[in-house]
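Observations on the model geometry
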Amino acid sequence: MQKSLSVYDSDGSTFVPLVVIELVSETKEEAIAWLLNRVRDKQQDGGAELLVEQLTPGAQGTEKDNPNVYVVGASWQRLLYGAEDVGFFKEFNDGSMRGFTYANKHNFKEFQGNLGMAECQYIIKHELDNLRAKDEAHVPGYPKMKLYPGKSVIRRMQSKGILVQVFPLHEKEELKRLSFSWFKKIKLSFQPLDDIRHYFGEGMALYFGFLEYFTLALIPMALIGIPYYLFDWEDYDKFTVFAGFNLVWCTVILELWKRLSASLAYGWGTLSRKKAFEEPRPGFHGVLGVNPVTGRAEPLYSNAKRQLRIYLVSVPFVLLCLYLSLYVMMIYFDMEGWALMIHDEEPTLWTGLLLFIPSIIYAVVIEIMNLIYRYAAEFLTGWENHRLESTFQNHLVLKVLVFNFFNCFASLFYIAFVMQDMVLLRQSLATLLITSQILNQIMEAFLPYWLQRRRNKKAHKRMIKTMEDKELPLSEQVKLEADMSTYLGTFDDYLELFLLFGYVSLFSCVYPLAAVLVVLNNVTEVYSDAFKMCKVFKRPFSEPAANIGVWQLAFEAMSVIAVVTNCALIGMSPQVKSYFPESETQLIMWVVGFEHFLLASKFILTFVIPDVPKHIQIKLSRLEFESLEALKKRHQKEPVYKRLTYRV
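Reading guide: rules and limits
- Residues numbered from 1 in each chain as written.
- Predicted model: local features only at pLDDT ≥ 70, side-chain atom pairs only at ≥ 80, totals over all residues.
- Heavy atoms only, no water.
- Patch = residues over 30% accessible without salt bridge, like charges linked within 9 Å, V, L, I, M, F, W, Y side chains within 5 Å.
- Areas by Shrake-Rupley, 256 points an atom, 1.4 Å probe, with all protein chains shown as cover.
- Salt bridge = Lys/Arg side-chain N within 4 Å of Asp/Glu carboxyl O.
- Helix = DSSP H or I, 4+ residues; strand = E, 2+ residues; numbered from the N terminus.
- Buried < 20%, exposed > 50% of the residue type's maximum accessible area, 1.4 Å probe, protein only.
- Expected span 1.5 Å × (residues − 1).
- UniProt positions renumbered as here; feature names shortened; annotations may be inferred.
- 1 Å grid on protein atoms, 1.4 Å probe; cavity = no way out; pocket = protein on both sides within 12 Å on 5 of 7 lines; lining within 4 Å.
- Points joined across faces, edges and corners; volume = space filled by probe spheres on them.
- Nonpolar A, V, L, I, M, F, W, Y, C, P; charged D, E, K, R; others polar.

A few points about a nonpolar patch on the surface
Taken together, the side chains of F356, I357, I360, I361, V364, I368 and I372 define a hydrophobic patch exposed on the protein surface, amounting to about 570 Å² of accessible area. Counting through the fold element by element, I357 comes out in helix 11 (residues 357-383). You can call I357 partly exposed: its relative accessible area is 37%.

Right under this line is the structure:
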């Protein structure tokens, strides 16, 4: 950890500031003193036992600077105890991954340097989040800000607007090395996933790992698609072979990814890590009661009321949005008919270009509708008042996926199976794919960077220069990072990959260059995402993860739809229809039977290919066996009278 970030605590010993806490400038003194004391208090007294100091303004400080900014750190011993509390798995001397314990720390490889800065910051965040009210009736100085025993102090102050933000600091030297190996040099090599995990955490590393894996998995599709496009563009019959390849490809890559993610998670110590007990999310509200599991006081909300909100408000709203999407789609087809009519009347170069205008406009409208719906879905899911963050995310993902899938693919399904116009399907797919990729690159990379420069151009230039070339005073670094945009998570990134996977797996048999375009998009996505993580956004807190979560189910659901879609496209081809010249019913029965066979094969393949590689399964089983044996030995060493039970 860099010396330039060292400050002194009240005892005169140095500590490295890891996390920043910013309160509003007009926060009352008694509330500040109470919060800082709770952060410093011993754990047995209900505190977090962390080091915290007020940030002193630098030489360039002004009266407008917020004085209520504090840096938080911890002693190395406290961090090691915290690593045990949060359940970190570390490499043992025998090479296996085991749950870290302070008492056994010398049996872990390089335990003195075994905690990365991201893990230390995660520990501090965990301790701050678990800072709970004791017997206080309210936050000192704020009589209306009620507290009750067991309530998270940090979350309460955040929800009431006293606490502005809590964020981890960047580490200049580590960031410089990571940037150089990640995106500053354009080269054909794998991403430094271990370095990304070390700096940003497992959740972020798994996203970039999946992005890299998805890109590599697309290369066979792209290599097959190029000759199909060059030599058989107008011969739709031969695309049935490409559709058949699609069916196998979309199943195999997802199963192999589960094995790869398991290997990565095991090496990072998150595969066997037990999931922590989830606390109520900050926005959850209800009548004060007692949690039967923890015994702590917390808000309680009727599940019946939540279900009524979901089925009487949320579901009708989603259906209304789907209807509006369908209405916009029909307007798009009217525009297509108008452009085609003009071109037929006067076939020139300009009218030929006019044929692409409706698809481009429709692609832009789709992105705008997706963005508006996203905000509406977030508001609606928050209004449903889910207790847990995981439940909130699952309902939000479901709402967004349903609408985005319908909004992006409804027109393609209509063209393919109602109009049965393969030429228009190729044109629409190509236009939608290219336009959406351009818009996503603008929205995800260039727009945040431009807004950051526009908001504070001078500060941004100074940040780029000082953070890369020379030491930056702590006060200046905190001020610059506090003004940076906040990274909102990998939701939108996974959503983009989900839609691209849909374009490739559903309809690439009629537009073989789809895989090529997605490969090019993903290559630029790696560099743009890496740039914005290192230069545009605040450093996010690391999130331990063993897999990509609910998105794995989303991709698998898309692969099932891809099987049905590609079977239908094969059945519509003139080559297949020629085998059933007299009976359309036999054709339908053949297609349905073939589709059922492929789905059955897909699910059998899911069970045949283990999610976890055999060598990792053996290591996990051995660890479980040793844990049970150790428990038996400890039980046998106990005095007999402690193990006897008496009946009265």
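A short note on the pattern of salt bridges
In this structure the tally under the stated criterion is 18 salt bridges. The salt bridge involving K258 is made with E255; its shortest N-O contact spans 3.3 Å. Highlighted residues: K258 and E255, both in helix 8 (residues 239-268), separated by three residues, approximately one helical turn. Given a relative accessible area of 14%, K258 falls into the buried group. Note on E255: relative accessible area 3%, which makes it buried. Of the charged contacts in the structure, one is a salt bridge between K479 and E476, with a shortest N-O distance of 3.6 Å. Taken together, the residues span about one helical turn, with K479 and E476 both in helix 15 (residues 474-482) at a distance of three residues.

Brief notes about helix 16 (residues 491-507)
For helix 16, with 17 residues, the first-to-last C-alpha span of 24 Å sits near the 24 Å given by 1.5 Å per residue. Counting buried positions over the 17 residues of helix 16 gives 16, a clear majority of the element.

Things to note about the UniProt feature "transmembrane region" (unreviewed entry) in the protein chain
In this structure's numbering, the residues bearing the UniProt feature "transmembrane region" (unreviewed entry) are residues 205-227, 239-257, 310-333, 353-375, 396-417, 429-451 and 497-520. Helix makes up 100% of residues 205-227 and strand makes up 0%, while its end C-alpha atoms are separated by 35 Å. Annotated as 100% helix and 0% strand, the span residues 396-417 places its first and last C-alpha atoms 30 Å apart.

Examining empty space enclosed by the protein
One pass over the structure, following the stated rule, counts nine cavities of 30 Å³ or more. In this structure, the largest cavity spans a volume of roughly 70 Å³. Contributing to the lining of the largest cavity are F88, A118, E119, Y122, R197, H198, G201, E202, S542 and P544. Contributions of two or more residues to the lining of the largest cavity are made by helix 3 (117-129) and helix 6 (193-200). A total of three residues in the lining of the largest cavity trace back to one element, the largest contributor, which is helix 3. For the lining of the largest cavity, the per-class residue count stands at four nonpolar, three polar and three charged.

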